[in-house]
Amino acid sequence: SILQICSLECQKSHDISSASEDRNQLTYLVTDAPPWYLCIFLAIQHCLTAFGATISIPLILSEGLCLQHDSLTQSHLINSIFFVSGLCTLLQVTFGVRLPILQGGTFSLLTPTMAMLSMPQWECPAWTRNASLVDTSLLVFKEEWQIRLRNLQGSIMVASLLQIVVGFSGVIGFLMRFIGPLTIAPTITLIGLSLFESSAAKAGTHWGISAMTTLLIILFSQYLRLIPVPVPAYNKIKKLHTSKFYIFQRFSILLGIVVSWLFCYILTVSDVLPSNPAHYGHLARTDVKGNVISDASWFTFPYPGQWGVPAVSLAGVFGLMSGIFCTMAESVGDYYACAKLSGAPPPPRHAINRGIGVQGLGSLLAGAFGTGNGTTSFSENVAVLGITKVSSRRVILLSGVFMILIGIFGKISAVITTIPDPVVGGMFMVMFGVITATGISNLQSTDMNSSRTIFIFGFSMFSALSIPNWIVKNPGSLHTGVKEVDHVLHILLTTNMFVGGFLGFILDNTIPGTKRERGLPDREHEDVSDKFSASLELYDLPFGITSFLSSQSWVRYVPFCPWRDRDTDGRTEDNNVMLRRGSELSSHGEIVEMR
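Just so you know, the residues in each chain are numbered from 1, in the order the chain's sequence is written. Only residues with pLDDT of at least 70 get local features here, since the model is predicted, and only at 80 or more are side-chain atom pairs given and counted; chain-wide, interface and lining totals rely on the full set of residues. Processing note: side-chain calculations cover all non-hydrogen atoms of the structure and skip hydrogens and water entirely.

Asks: Whenever I open this one, the overall build of the chain confuses me. Can you help?
Replies: Comment: elements are numbered from the N terminus, with helices defined as DSSP H or I runs of at least four residues and strands as E runs of at least two. Helix and strand content of the chain: 24 helices and four strands. Burial here depends on accessible area, computed with a 1.4 Å probe over protein chains only, as a share of the maximum for the residue type. Under 20% is buried, over 50% is exposed, and the range in between is partly exposed. Taken over 595 residues, the chain has a buried fraction of 55%. Put simply, of all contacts in the chain between residues at least 6 apart along the chain, 82% involve residues at least 24 apart. Working definition of accessibility: Shrake-Rupley area with a 1.4 Å probe, residue cover restricted to the visible protein chains. Of the accessible surface of the chain, which amounts to about 25,400 Å², a share of 66% is contributed by carbon and sulfur atoms. A contact between two residues is defined here by any heavy atoms of the two lying within 4.5 Å.

Asks: Explain the confidence of the model for the chain to me, please; I cannot follow it from the model alone.
Replies: Caution applies to low-pLDDT regions: their predicted coordinates should not be interpreted in detail. Values of pLDDT, ranging from 0 to 100, describe the predictor's confidence in every residue of the model. On average, residues of the chain carry a pLDDT of 79, and 86% of them reach 70 or more. Element-level pLDDT for the chain is lowest in helix H24 (residues 573–585), with a mean of 44, against a maximum mean of 93 in helix H14 (residues 349–369). pLDDT under 50 marks residues 1–6. Its contacts with residues more than four places away, or in other chains, come to zero contacts. Across residues 12–23 the pLDDT falls below 50, and counting only partners more than four positions away or on other chains, this stretch makes four contacts in the model.

Asks: In this structure, what is going on with the side chain of Asn-496? I would like to understand it.
Replies: Within the secondary structure, Asn-496 is located in helix H21 (residues 496–510). For Asn-496, a relative accessible area of 15% gives the class buried. Of note is the side chain of Asn-496, whose polar atom sits 2.8 Å from the backbone oxygen of Ala-464. Those residues within four positions of Asn-496 in sequence are excluded, and the remaining contacts are Leu-190, Ser-194, Ala-464, Leu-465 and Pro-468. We define a polar contact as two N or O atoms separated by no more than 3.5 Å, with the added condition that, inside protein, one atom must be a possible hydrogen donor and the other a possible acceptor, whereas residues neighbouring each other in sequence contribute only through side-chain atom pairs.

Asks: Mind showing me how you'd approach unusual backbone geometry here?
Replies: Leave glycine aside and you will find that most residues have negative phi; peptide bonds, for their part, are mostly trans. Residue Arg-98 is not a glycine yet carries a positive backbone phi of 70°. Its place among the elements puts Arg-98 in the loop between helix H3 (71–95) and strand S1 (103–104). Owing to a relative accessible area of 10%, Arg-98 belongs among the buried residues under this scheme. With a phi angle near 60°, Asp-271 is a residue other than glycine that sits in the positive phi range.

Asks: Whenever I open this one, the pattern of salt bridges confuses me. Can you help?
Replies: Opposite charge on two side chains allows them to pair when their charged atoms are near. A side-chain nitrogen of Lys or Arg and a carboxyl oxygen of Asp or Glu constitute a salt bridge if their distance falls within 4 Å. Taken as a whole and assessed by the stated rule, the structure comprises eight salt bridges. Where Glu-143 meets Arg-150, a salt bridge forms, and the shortest distance between an N and an O atom there is 3.0 Å. On the basis of relative accessible area, Glu-143 is assigned to the partly exposed category, the value being 36%. Arg-150 gets classed as buried once you look at its relative accessible area, which sits at 14%. Connected through shared salt-bridge partners, Asp-271, Arg-285 and Asp-287 make up one network.

Shown next as structure tokens:
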């Protein structure tokens, strides 16, 4: 009968919906604790994912620091940035925003840094560019690069104070009430889109190897991820037995890198890949940086002031402040993306304030240790959460420990440097694609049938791609007569994330529109806590600090401290506000994944 047919169709639709929900379901939530052996492999995967971006920053800086022919000092810089990145990760996950988000070096500071080092007084002498004239043991050579690095690290330390003040003072949290999906979507989307050039540059060193890496990751993460692999297991009840393990889903990135890395090694030892650096495909060899392994020491211990007493350059401070501002905008977008992929509610104001403040402390530490860079959240590691479906905070904490160990054991970082560029490029093609899609998904709570929404998002995106491109091609177009102002304007207007997010913010808050059009539904009293896989309590401070502070009435006025109102059934006052905010930013609470 018609009723029976309708019943069967409804049941089929329900089964399809249930299968889709199972496909999107997280394996481990933020507060979950996977088995120790699983944590180790997942933490290694995160370290490898962040490795390419981490080592590229010191290598790019080496030319401006006159270190292009001093591989040993380059390895020390790599150890330092790994050590500080691990330390900042532990601080961020424990006392900062408390999301499973990795900290590392930031490309936003590279442009103002290189602009600072290109000034006439810091231009490298001609003899430092000639490998035959450079003796790395001479005191005069050490002074050449150390004086530059000391001025750079002092400027970074002063510029980082801006981030510390903005975070802990609550300015970022105050701005969150004006930031909706039409501000967040362009910012996160452009994080991925703005990195297409660096991804293509690495992948282009050997498109065959890069394509293989990308296809392997897609194969493991999408086509084979629901196929279990029997592995030996043991417990007291079943003794030795086999258990189903979804290895392709949980280690798709790691497997893709390892298989491609091994393939490159085979091609290297068999001399299939060209040994001539001038020939295409040479950078796919695993012995390109082989001298780093022999030159690196077994143990190295980075410490503050290891290059001498930091100095300050006023022009450098102003330029670096603009880069610091961009890292804050990027990190706020990453916090929302990380929460979305982790099945957590959007972070409350006190967590965002702490996250930015702790990140400022991380940049202060990075400057003190002399990494030549600051710190920010790693977008590519946020993408790993969406692919592996493992968002455990414990995994990221262990990743931080591993990064500290890599910074101490010089030989470990030297071995990892043999990962060929096309393998890293292939991985980036997948990672940044997921970040781009995550940004666009923020528009799901807005009215995409509205011309207002289409105009704001489209104009913000197109302008963020057009304006920086024009300024880069016309570097002399910004000339105010004040060099520091020129540096600030150049950095801000050539940063896609800043241009897109700023335009989206201004237009969304000035063009009249309903809450539905803006993605801010009028559901002031709706409880949406059941729409998320995790509770807002995950943003509380650890070690019972939140419970202790709850008895202090003055805590409610501290912007970076959660305050629990005992008269509202144990729910924090800030939680009530953010539950409504969660309804506004993620109306159906779905978890985004790469499709």
